Amino acid sequence: MTAKQKLNILKQYLFLLLLLAPASLFSQQILDDSYLQQMKQDVRILSSDSLEGREAGTIGEMLAALYIAERFEELDLKPWYDGCYFQSFTFTDGYEFPEDSNHVSITFDAKGGGVRHAITLTADRYTPLPWGADATVSGVVFDAGYCLKGVAVESTTKEKRRRANNRSTQAQAASPEPAGDQDTKGKLFLVRYDAPSFYDAEQGVYELMLSKARYAEARGAAGVLFYDPQGDVARVPANYFKWDEVQIPVVFFHEKETALSLPGATVTMQIMSAKRRSSSQNVAAWIDNGAEQSIVIGAHYDHLGWGIYNTRHKGLPEIHPGADDNASGVAGMIALAGWLKQSSLTNRNYIFAAFSAEEKGLIGSNRFVEDERVSDSTIFAMINFDMIGRVDEDDPVVSLLAAGSSPAWGEIIDLISEDVKAKPVNGGTSGSDHHYFYYNSIPVLFFFTGLHEDYHKPSDVVDKINFHGMRDVIEYSALMMSVLDTLQLLPFQEVEESSRTSRRAVQFSLGIIPDHATDVQGVKVQDVLKQRPAETAGIRKGDVIINISGSEIRNMYDYMRALNNVVIERGYRIDIIVLRNGEELDLFFEF
């Protein structure tokens, strides 16, 4: 029998199943309130400050792993790894700067007949940033203020008025524009890490600092010295990956007083990085029904820790609780495990995997798939829960991404009715832990309730989780397990993905949250942030942006490239064309 004939038989079976579908496949209360309360407790514990954001390789994440293993044991789930719930692994965890090979010294010139003197800073007083270059440099320090292109003394009138009652702060706010009449080549630029209030830094503090460093490099700086004008700092923004984004060394001074004493002094620094190795663990359990094939139900449990990398937070590092991303997914997975343990579904085994290091590049799920027991012949399907806690109460929808990974997913989804509406999306085979399963020709489905303003920010907290909507999502997945339990075949197929989006930093943003789950020609608006240019221009939730100032917008790459061309100055106008209910509307925003 050919694959096409098998698929036709499967479709006929699913059609008959729809005709004869029992009430159990339609909207009902499957998980009682005890499940709801347990999910609340799981999310609250996993997103608590005591776990410090669950960054992979940290003690906080290890405590989260122990908690998940304890929950598996409470449900009487068998350890997946030969009597052990943990799959340990090591990984390259960014870069570190060994104390014995990194040095910063400051030489102050004699003033008023004084004595020239020098000090060497201890390692706890500065932090090299990994996206700068390894180098030894020496130079006079130049106070570059904000060091943002287009933000000069004459363009900070609004900022000056706001700070008119504090001359010293106002003086720091003036950001000299390095130009030909100032001899800045070869100097070290002292740069405040933040931005003036009128400057859009929506992409996050890392991208903002990177744009400053690039601008300093373009102006001939030998290095960049960041600081916080508001006071001393214990942790500084960095970035997990070392891309050598700039070819000059970049450090962050922890002490405001030390930084403000630097202009005119000579700083010598030697910066040498080394790859850092960290260890972490996946946590996995299973229900062994003696079946030939298993369904993997997974969710990553790590997050961003203090947000020193990959954050959208504009300020200095804070704990990123990750209640939705992805304590919600882990709690949902555990709830489904409890339901399956009590169910009569026995035609498949069920593996429950809490993956580590998703935020650092899908490392944990890759290690899981590399295990010899995981293959396209032993794994029937993979279900991934990632950010399922923000179901919209007015429009309860869960996106089912990567639905194109099997031609049967569409028919299966049509069989199930729940209080939350399922929206299948063919694409979306990457970006979360289902990716490596898909890469190994295993049908996957990615449950996702959408991005929001708190994504990758300290404000992703438990109080914003819609637990009733989250229960609806897990009930939907339970009904899907009931369907999958009856199938003999779930064929795999490759998905033709749309163009990849770019993560380039931009100086200006409209203030929208894009809808990545909808496959449209343009950029669909999932939400509009308050008091931002998009709201002022009249852009609404559900609009599709198709043109910005004459540039056609086909995808996120076009969108970000168009925003890169925006000039932030008074009188500059941005023309925007959106599709709304099938009609084109001309909108604009003017600075």
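Values in this document were obtained by computation on a predicted structure and should not be read as measured data.

### Some words on the sheet that holds strand E10 (residues 266-271)
Pairing between the strands of a sheet is mediated by backbone hydrogen bonds and can be parallel or antiparallel. Across the sheet, eight strands lie side by side as E4-E3-E10-E6-E7-E8-E9-E5; this open sheet has mixed pairing. The sheet is open, and its two edges are formed by strand E4 (117-120) and strand E5 (126-128), each paired on a single side. When the angles between neighbouring strand axes are averaged without regard to direction, this sheet yields 30°. In this sheet, strand E7 (residues 188-192) lies alongside strand E6 (residues 135-143) in parallel orientation, the contact comprising three bridges. Across the sheet, the residue bridging to Asp 143 is Leu 190, located in E7. Relative to strand E8 (residues 223-227), helix H6 (residues 205-218) is tilted by about 145°, and along the sheet it contacts E7, E8 and strand E9 (250-253).

### Section: the nonpolar core
Judged by nonpolar contacts, the single largest core of 72 residues is most densely connected at Ile 297, Trp 409, Phe 447, Met 480 and Met 481. In this structure, Tyr 206, Ala 221, Val 233 and Ile 248 belong to the second largest nonpolar core, which totals 26 residues.

### Section: the packing of aromatic side chains
For the structure shown, the criterion picks out 16 aromatic pairs. Ring geometry for Phe 589 against Phe 591: centres 5.3 Å apart, planes inclined by 80°, an arrangement best described as edge-to-face. Given a relative accessible area of 12%, Phe 589 falls into the buried group. Judged by its relative accessible area of 27%, Phe 591 falls in the partly exposed class.

### With respect to a nonpolar patch on the surface
Taken together, the side chains of Ile 59, Met 62, Leu 63 and Leu 66 present a nonpolar region at the surface, about 400 Å² in accessible area. For Ile 59, the position within the fold is in helix H3 (residues 59-74). The class of Ile 59 is exposed, set by a relative accessible area of 67%.

### Some thoughts on the pattern of salt bridges
A full pass over the atoms with the stated rule returns 16 salt bridges. The residue Asp 33 makes a salt bridge to Arg 471 at a minimum N-O spacing of 2.9 Å. Of the two residues, Asp 33 sits in helix H2 (residues 33-46) while Arg 471 sits in helix H12 (residues 467-484), which places them 438 residues apart along the sequence. A residue is classified by how much of its surface remains accessible, and Asp 33, at 47% relative accessible area, is partly exposed. Exposure remark for Arg 471: the relative accessible area of 6% places this residue in the buried category. Residue Arg 390 is joined to Asp 454 by a salt bridge in which the shortest nitrogen-to-oxygen separation is 3.0 Å. On the criterion of sequence distance, the pair formed by Arg 390 in the loop between strand E14 (379-385) and strand E15 (397-401) and Asp 454 in the loop between strand E17 (444-448) and H12 is long-range, its members being 64 residues apart. What makes Arg 390 buried here is its relative accessible area of 17%. What emerges from the salt-bridge pattern is a single network uniting Glu 55, Asp 93, Arg 276 and Lys 360.

### Focus: unusual backbone geometry
Residue Asn 326 is bonded to the preceding Asp 325 through a cis peptide linkage, with omega at 5°. Here Asn 326 shows up in helix H8 (residues 323-342). A positive phi angle, close to 55°, is found at Arg 54, a residue other than glycine. Mapped onto the secondary structure, Arg 54 falls in the loop between H2 and H3.

### Concerning H2
Compared with an ideal rise of 1.5 Å per residue, which puts 14 residues at 20 Å, H2 spans 20 Å between its outermost C-alpha atoms and is within 8% of the ideal. Along H2, the residues classified as buried are Tyr 35, Leu 36, Met 39, Asp 42, Val 43 and Leu 46. The buried residues of H2 occupy an angular sector of 125° when projected down its axis, which confines them to one face. Those residues of H2 that are buried are in contact with H3, H8 and H12.

Rules of the game
Residues numbered from 1 in each chain as written. Predicted model: local features only at pLDDT ≥ 70, side-chain atom pairs only at ≥ 80, totals over all residues. Heavy atoms only, no water. Pairing = 2+ DSSP bridges. Helix = DSSP H or I, 4+ residues; strand = E, 2+ residues; numbered from the N terminus. Axes fitted to C-alpha atoms, helices over the stretch in contact; angles between N-to-C directions. Contact = heavy atoms within 4.5 Å. Core = buried A, V, L, I, M, F, W, Y, C linked by side-chain atoms within 4.5 Å. Buried < 20%, exposed > 50% of the residue type's maximum accessible area, 1.4 Å probe, protein only. Phe/Tyr/Trp six-rings, centres within 6.5 Å; stacked < 30°, edge-to-face > 60°. Patch = residues over 30% accessible without salt bridge, like charges linked within 9 Å, V, L, I, M, F, W, Y side chains within 5 Å. Areas by Shrake-Rupley, 256 points an atom, 1.4 Å probe, with all protein chains shown as cover. Salt bridge = Lys/Arg side-chain N within 4 Å of Asp/Glu carboxyl O. Expected span 1.5 Å × (residues − 1). Arc of directions from axis to C-beta.

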